[in-house]
4 protein chains.
Amino acid sequence: MSSNSFGTLFKYTTWGESHGPAIGCVVDGVPPRLPLTEADIQHFLDRRKPGQNRFATQRQEEDRIKILSGVFDGRTLGTPISLLIENTDARSKDYSEIKDKYRPGHADFTYDAKYGIRDYRGGGRSSARETASRVAAGAIARKVLESQLDTEVIIRAAVVQVGPHKISRTNWDWEQVNNNPFFVPDKEIVSTLEEYLDATRKKGSSAGAVVEVIASGIPAGLGAPVSSKLDADIASAMMGINAVKGVEIGAGFACVEMGGEENSDQIRMKDGRPHFLTNHAGGILGGISTGQDIVARIAFKPTSSILHPMKTIDNKNAETEIVTKGRHDPCVGLRGAPVCEAMLAIVLCDHWLRHKAQCT
Amino acid sequence: MSSNSFGTLFKYTTWGESHGPAIGCVVDGVPPRLPLTEADIQHFLDRRKPGQNRFATQRQEEDRIKILSGVFDGRTLGTPISLLIENTDARSKDYSEIKDKYRPGHADFTYDAKYGIRDYRGGGRSSARETASRVAAGAIARKVLESQLDTEVIIRAAVVQVGPHKISRTNWDWEQVNNNPFFVPDKEIVSTLEEYLDATRKKGSSAGAVVEVIASGIPAGLGAPVSSKLDADIASAMMGINAVKGVEIGAGFACVEMGGEENSDQIRMKDGRPHFLTNHAGGILGGISTGQDIVARIAFKPTSSILHPMKTIDNKNAETEIVTKGRHDPCVGLRGAPVCEAMLAIVLCDHWLRHKAQCT
Amino acid sequence: MSSNSFGTLFKYTTWGESHGPAIGCVVDGVPPRLPLTEADIQHFLDRRKPGQNRFATQRQEEDRIKILSGVFDGRTLGTPISLLIENTDARSKDYSEIKDKYRPGHADFTYDAKYGIRDYRGGGRSSARETASRVAAGAIARKVLESQLDTEVIIRAAVVQVGPHKISRTNWDWEQVNNNPFFVPDKEIVSTLEEYLDATRKKGSSAGAVVEVIASGIPAGLGAPVSSKLDADIASAMMGINAVKGVEIGAGFACVEMGGEENSDQIRMKDGRPHFLTNHAGGILGGISTGQDIVARIAFKPTSSILHPMKTIDNKNAETEIVTKGRHDPCVGLRGAPVCEAMLAIVLCDHWLRHKAQCT
Amino acid sequence: MSSNSFGTLFKYTTWGESHGPAIGCVVDGVPPRLPLTEADIQHFLDRRKPGQNRFATQRQEEDRIKILSGVFDGRTLGTPISLLIENTDARSKDYSEIKDKYRPGHADFTYDAKYGIRDYRGGGRSSARETASRVAAGAIARKVLESQLDTEVIIRAAVVQVGPHKISRTNWDWEQVNNNPFFVPDKEIVSTLEEYLDATRKKGSSAGAVVEVIASGIPAGLGAPVSSKLDADIASAMMGINAVKGVEIGAGFACVEMGGEENSDQIRMKDGRPHFLTNHAGGILGGISTGQDIVARIAFKPTSSILHPMKTIDNKNAETEIVTKGRHDPCVGLRGAPVCEAMLAIVLCDHWLRHKAQCT
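Bear in mind the structure is a predicted one, so any value in this text is a computation, not a measurement.

### Observations regarding the overall build of chain A
- If you tally the helices and strands in chain A, you get 8 helices and 18 strands.
- Since a compact globule built from 360 residues should have a radius of gyration of about 21 Å, the 21 Å found for chain A is in line with a globular shape.
- Dimensions of chain A, computed from the C-alpha atoms along their principal axes, are close to 65 × 50 × 35 Å.
- Considering chain A as a whole, with its 360 residues, one finds that 68% of them fall into the buried category.
- The contacts of chain A with a sequence gap of at least 6 include a subset with a gap of at least 24, amounting to 70%.
- Taken as a whole, chain A presents about 11200 Å² of accessible surface, with 46% of it coming from carbon and sulfur.
- Of the charged side chains in chain A, 44 are positive and 44 negative; the average position of the first set lies 3 Å away from that of the second.

### Section: the sheet that holds strand S10 (residues 209-216) of chain B
- Overall, antiparallel pairing links the 10 strands, which are arranged S9(A)-S8(A)-S10(A)-S16(A)-S11(A)-S11(B)-S16(B)-S10(B)-S8(B)-S9(B) in an open sheet. Pairing within the sheet leaves two strands with one partner each, and these edge strands are strand S9 (165-166) of chain A together with strand S9 (165-166) of chain B.
- Across 8 bridges, strand S8 (residues 154-162) of chain B lies against S10(B) in antiparallel orientation. Following the sheet pairing, B:Ala158 is matched in S10(B) by B:Glu212.

### Side note on the relation of the copies chain C and chain B
- The transform that puts chain C on chain B rotates by 180° and translates by 0.0 Å along the axis, for an RMSD of 0.0 Å. Taken together, the rotation and translation describe the operation of a two-fold axis.
- Comparing interface residues between copies, 100% of those in chain C also lie at the interface in chain B; the contact surface is shared.

### Things to note about the pairing of strand S18 (residues 319-322) of chain C
Residues and elements named next belong to chain C.
- Bridge count between strand S17 (residues 310-313) and S18: 4 bridges; the pairing is antiparallel. Note on S18: the bridge partner recorded for Thr312 is Thr320.
- Two successive antiparallel strands, S17 and S18, enclose a turn made up of 5 residues, where Asn317 displays a positive phi of approximately 65°.

### With respect to the interface of chain C and chain B
- On the chain B side, the residues contacting the 37 residues of chain C number 37 residues.
- Both sides together, the interface formed by chain C and chain B hides about 3000 Å², and carbon and sulfur atoms give 64% of it.
- Applying the counting criterion to the chain C and chain B interface returns 0 salt bridges.
- Counting across the interface, chain C meets chain B through 8 residue pairs in polar contact (both at pLDDT 80 or more).
- Of all the elements in the fold, those that place two or more residues in the side of chain C that touches chain B are strand S2 (11-16), strand S3 (22-28), strand S6 (75-76), strand S7 (81-86) and helix H3 (108-115) of chain C.

### What to know about the packing of helix H1 (residues 38-48) of chain B against helix H4 (residues 131-148) of chain B
All names here are of chain B.
- Where H1 meets H4, the closest approach of the two axes is 9 Å, and the angle between their N-to-C directions is 135°. The orientation of H1 relative to H4 falls into the category oblique. As for how H1 packs across H4, the hand of that crossing is right-handed. Facing Asp40, Ile41, Phe44, Leu45 and Arg48 of H1, the residues of H4 in contact are Thr131, Ala132, Val135, Ala136, Ala139, Ile140, Arg142 and Lys143.

### Thoughts on the interface of chain A and chain B
- Chain A puts 110 residues into the contact, and the matching count from chain B is 110 residues.
- Taken together, the two surfaces of chain A and chain B that pack against each other cover about 8500 Å², and 61% of this comes from carbon and sulfur.
- For the pair chain A and chain B, the interface holds 2 salt bridges.
- The partner of B:Arg268 in a salt bridge is A:Glu319, and the shortest N-O contact between them spans 3.6 Å.

### Quick notes on the sheet that holds strand S4 (residues 65-67) of chain B
All names here are of chain B.
- If you trace the 5 strands from one edge of the open sheet to the other, you get S1-S2-S3-S7-S4, paired in antiparallel fashion. On the outer flanks of this sheet lie strand S1 (5-6) and S4, each paired with one strand and no other.
- Judged from the 2 bridges that link them, S1 and strand S2 (residues 11-16) form a sheet pairing that is antiparallel. Looking at S2, one finds that Ser5 is bridged to Thr13.
- Where H1 meets the sheet, it contacts S4 and strand S7 (81-86), and its direction lies at approximately 155° from that of S4.

### Quick word on the confidence of the model for chain A
- Averaged over every residue, the pLDDT of chain A is 93; the share at 70 or more is 96%.
- Both scores are given for the predicted complex: the pTM is 0.97, the ipTM 0.97.

### Things to note about the pattern of salt bridges
- Enumeration over the complete set of coordinates arrives at 80 salt bridges over all chains.
- Across the pair B:Glu62 and B:Arg64 runs a salt bridge, and its minimum N-O distance is 3.5 Å.
- Residue classification places B:Glu62 among the partly exposed positions, given a relative accessible area of 47%.
- Two residues, C:Lys66 and C:Glu86, come together in a salt bridge whose shortest N-O distance is 2.6 Å. Remark: C:Glu86 occurs in strand S7 and C:Lys66 occurs in strand S4 (residues 65-67); sequence separation between them is 20 residues.
- What you see here is one network of salt bridges that share partners, running through A:Arg103, A:Asp108, A:Asp112 and A:Arg118.

### Describing the packing of helix H6 (residues 230-239) of chain A against helix H8 (residues 336-359) of chain A
Residues and elements named next belong to chain A.
- Where H6 meets H8, the axes come as close as 9 Å, and the angle between the chain directions of the two elements is 145°. Where H6 crosses over H8, the two elements pack in a sense that is right-handed. Contacts between H6 and H8 involve Leu230, Asp233, Ile234, Ala237 and Met238 on the former and, on the latter, Cys340, Met343, Leu344, Val347, Leu348, His351 and Arg354.
- Residues belonging to the contact of H6 with H8 are distributed by class as follows: 9 nonpolar, 1 polar and 2 charged.

### Topic: unusual backbone geometry
- Residue A:Asp73 is not a glycine yet carries a positive backbone phi of 50°.
- Within the fold, A:Asp73 resides in the loop between strand S5 (71-72) and strand S6 (75-76).
- In this model, D:Arg33 sits at a positive phi of 70°, which is unusual for a non-glycine residue.
- Mapped onto the secondary structure, D:Arg33 falls in the loop between strand S3 (22-28) and helix H1 (38-48).
- When its relative accessible area of 36% is taken as the criterion, D:Arg33 is described as partly exposed.

Procedures and definitions
- Residues numbered from 1 in each chain as written.
- Chains lettered and ligands numbered in written order.
- Predicted model: local features only at pLDDT ≥ 70, side-chain atom pairs only at ≥ 80, totals over all residues.
- Heavy atoms only, no water.
- Helix = DSSP H or I, 4+ residues; strand = E, 2+ residues; numbered from the N terminus.
- Rg over C-alpha atoms; globule rule 2.2 N^0.38 Å.
- Buried < 20%, exposed > 50% of the residue type's maximum accessible area, 1.4 Å probe, protein only.
- Contact = heavy atoms within 4.5 Å.
- Areas by Shrake-Rupley, 256 points an atom, 1.4 Å probe, with all protein chains shown as cover.
- Lys, Arg positive; Asp, Glu negative; His and termini not counted.
- Charge placed at Lys NZ, Arg CZ, Asp CG, Glu CD.
- Pairing = 2+ DSSP bridges.
- Least-squares fit on C-alpha atoms with pLDDT ≥ 70 in both.
- Buried area = accessible area lost by both parts, 1.4 Å probe.
- Salt bridge = Lys/Arg side-chain N within 4 Å of Asp/Glu carboxyl O.
- Polar contact = N/O pair within 3.5 Å; in protein donor to acceptor, adjacent residues only side chain to side chain.
- Axes fitted to C-alpha atoms, helices over the stretch in contact; angles between N-to-C directions.
- Parallel < 35°, antiparallel > 145°, perpendicular 65-115°, else oblique.
- Left-handed = near helix turned anticlockwise from the far one by under 90°.
- pLDDT = per-residue confidence, 0-100.
- Nonpolar A, V, L, I, M, F, W, Y, C, P; charged D, E, K, R; others polar.

What follows is the structure in structure tokens.
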């Protein structure tokens, strides 16, 4: 529970303001001799990169990752891996509008309340840009899991709701997720979302989204009994992503309306291994993985930076109004999908290493 | 993210199995010279104590707290406070049914998968009984907040949904919460819930619940920017409670269907202080408190121990069935309310001390 | 670096004041299925127990260990092990002398300076009695190492200096250590020490001591590169023992006067394995174990509780004098030997688990 | 006790190999609004910079610090401060000699044993070059202490022994420390040391050193009772510096030969404040500061990189010999003085913030 670090054995520490010279992170605890290149990480960064279509911020960032330490001759050394991404498109634009006024829904007010100082340029530390560091750390976590687990580990996310529009579960096709700007697994819904988000932006508004993230191939036994339960760590990881306001595991809030006999996943044998007839538990019982898919759903609020004029105050407590111009995602949750994947990979990697230490 | 500890500066470590000689916890980081008696803690334990009405387990535990260290002449010493609760009603009953079979929805299977050994008596470490330790730690956290903050701090929880039955927000009356066995703030719904839960139990089933927990009087500025955001720590704390499958902050999942102009809480001045016109943020922006009420909602799954026969396997991978007899809460979420309060108090106390260290 | 916890993966949290109802600790991270009984721990506690001869405090404590959790049917569960030792001989004697006056060399003054409150009975939290908890934790750490390492692990300590009297290295005989009240490995020096300590006590004085602790059978590769070096953690562990004022690894301070060609341990092969011709490094290079014996020496100051009258002040800043009557060790370092062993076992066990997690 | 991080509330994480593109660290927990520039840090780095005289390695590193985050308009933001130093003189020289052979006294063998891989260029992660990051973090820690404590805080170190040559305590003059290449506070000994080290180098040997570090102006009350005692954290911090083999607090090992009445510092009042007549405790009792000077002494072993041929093995376990050519400090302890100062500042700053959180 450190302020800018996450994890116990697989641990990253992030740093950087949105419009400073760079952002980055240090990843410690990575096993040695793992093949790792900048390209391995870049692949995942490119998925969350801004400016790729009209439904994402038009900020033109290359998000080019540099490995500054911890890798030698293409393999990890077991020492900290320092990752750096330069802020190339941090325009020295006019910040007078947000310098003194607090944008509703943003951290401007709370940063000033906490620190008495704030880097107002592009949201400073509270910018979603910081999540690039987490995606980079997640790319390494995936490689650790892949190299150490016997099973094939697949960690992937999809957007399952945008504003009021939910995808159809029966249409679910993972192949579609990277074929549309909304990361939805349902190609039928794509045109609806295009219209919806175009209209949303046109009226100066924004939209929320729900992301579902699933990890397959995770063995039973990862987790802890009380304070660092696998689901508690997932909840912490997801709620720590910018704009997230809710996290569910498995059936989540829907289980409240089920009876115990429906919600409790019954067990049979299949192919010589325990098999759960349903997965309302989302792959976690008592804070420990069951061997079924790990399933979480994450609610992202609508982007707070909108053209709609909003009542607010300034840092001298004078009442005023604000309109947030600039290059913003109309639905920040869309680019949340790769971040959710990364965070799930990090939590699972950390718990795998912890499990290895104590129980193998 | 330690397995059995929680918190950074205000930190507890819990221990104990449900049917061992005792359970307890060690609370470290408590400020010195704080008046503290066993009665201060007992008050909160009595609220979650079993056996108080027909909708809670009939296990007859006194849950009598003992302070073994860290308090001298009625005041805290600044040294660790060791708390102990004896297991007086740990009957040496017949455990043959659950000794080898895995109860669906329980941690039996996952504990065996992780540790290769399991104290099957009463759920062992995974029993909800362990949360008594957290309630005790929470009682101390409240005292710290009350003694150190200028404002009046009120942290309280209510059950807002049982199975399909949601309370009416317009009937909300905090006075009612402790006047009914369901911890609901709406007296109109009490008879409905009585009928519903009686019927639920009669058919050998169980029910889920949603708890809402609210902290008032928390100053703006508590939290952290990235990894230990106030909401992330709340999510971790709540998801770590037995049977929890979902956590929301403020508007939670409902914000997905709002536009940014509706969801973002606008700001005015009131009585010389910043005042938010709504509180969809649940009192947290960018991981830091706004000074508004901190609001979280927590989904508890239906009790997994039910009379309904369920398909399962045993620890030799043979398929079988199980019926869980015994003294169980038909709706474990009801007794979750005091635990949610305690965990929120702990998270807020920890963040207050951290804020004091860095920013005052 | 928590105030009352030590370790990362093998982690204990201690609690308790010398004259409160009990002292104890919680040990978390212990691997499951390890055979463990109270007798396994009691064996080590008995070695540091007071009242065993005239050179140790005459306090009559049984130091009877109770395991309250984490063990079931004689094997560890992987859950926290709660250990408790009752304070049976905490006499309600007259504390008026030390209640308000600060004993020179003791923590009385500093506890009051830090906390503004103090349990003055028997030194409260700062009593050496607290180290019983660490010895208990150390007993578990040894069992973990023994069960997980292929090699035979031997961790043992001896007193190598008492006041000005140093043992002869050529007489070193481990068999002797438990055959004399001074834990010295040199039977020739026993009568000298008896005379010396009798005379020391007769004149109301006390003596310091140096303990040497050695671990054999530790594989190469345990440790870390920068902040949690094996030697840094050993230094922290040893300096954290009451009355310790110095720690050396291998040649320690003596290496300052050596040339690099003498101090650097040259390497050959022996029995098919790397073999160092000397061990000035004390088994650690760059913070990581070499596979040679781990060797540390620890300086204990003379007992501060003495009959000699000393100038001091009281808690109202008035100048006064104090004579510390009571049951005290004339040379507190003697009973330090089992504590040093325990702490070394704990550090090594923690690093073994960390190594297993990252590098195997 | 994280592998590459140090501290609890004031916390740094270092990264980097000696001949990679850069080294650096992330400092988290720094209070906001503190004036901080690169020059503030550079000042301290320049003191440990190589190549400044013939008694230090001739590697020509500018050690130019860059602040990448956490500072805005010349003041700290309260967010992580990322510091970076490029490796400008990392020559692509011929490493064939040390690529496969283990240099005695170096971490080559242990890194290979632990990680199975090693960046052999210039010692990689185990190079003393890494300590530049700690000196940078220490510069920030000093600023925090200076800005938050009422007293004038002075933290400074001097070399008090080189090989067999000890400085005269009666000649002690802090002014001299920065006026000679040995950081000694005794100008009389300078010519002796020049001759001694010239002769040492001429014969292909090297020398050890003892550094004494003293902090004045530290209030009573900083520290903790058991596991993170002020002296334990100092021991950990100092033993974690490259080449350190011993740490003493106050009288250290010398106290073993004192009687309790001599060693225990008696207390009187002076200028209305408690005053200790001696300071054998080195300013720490029971793990908590007394308000007197904090005093520690640190033993550095002789440089292991020497021209003298040494027996060793290679990474295929073949016996061989090695001569370490290159640019090395003949006495690595000399440049240890600024590192000891930095580490003491970091420990004190961390404990100050912890004290503020719990006890104010």
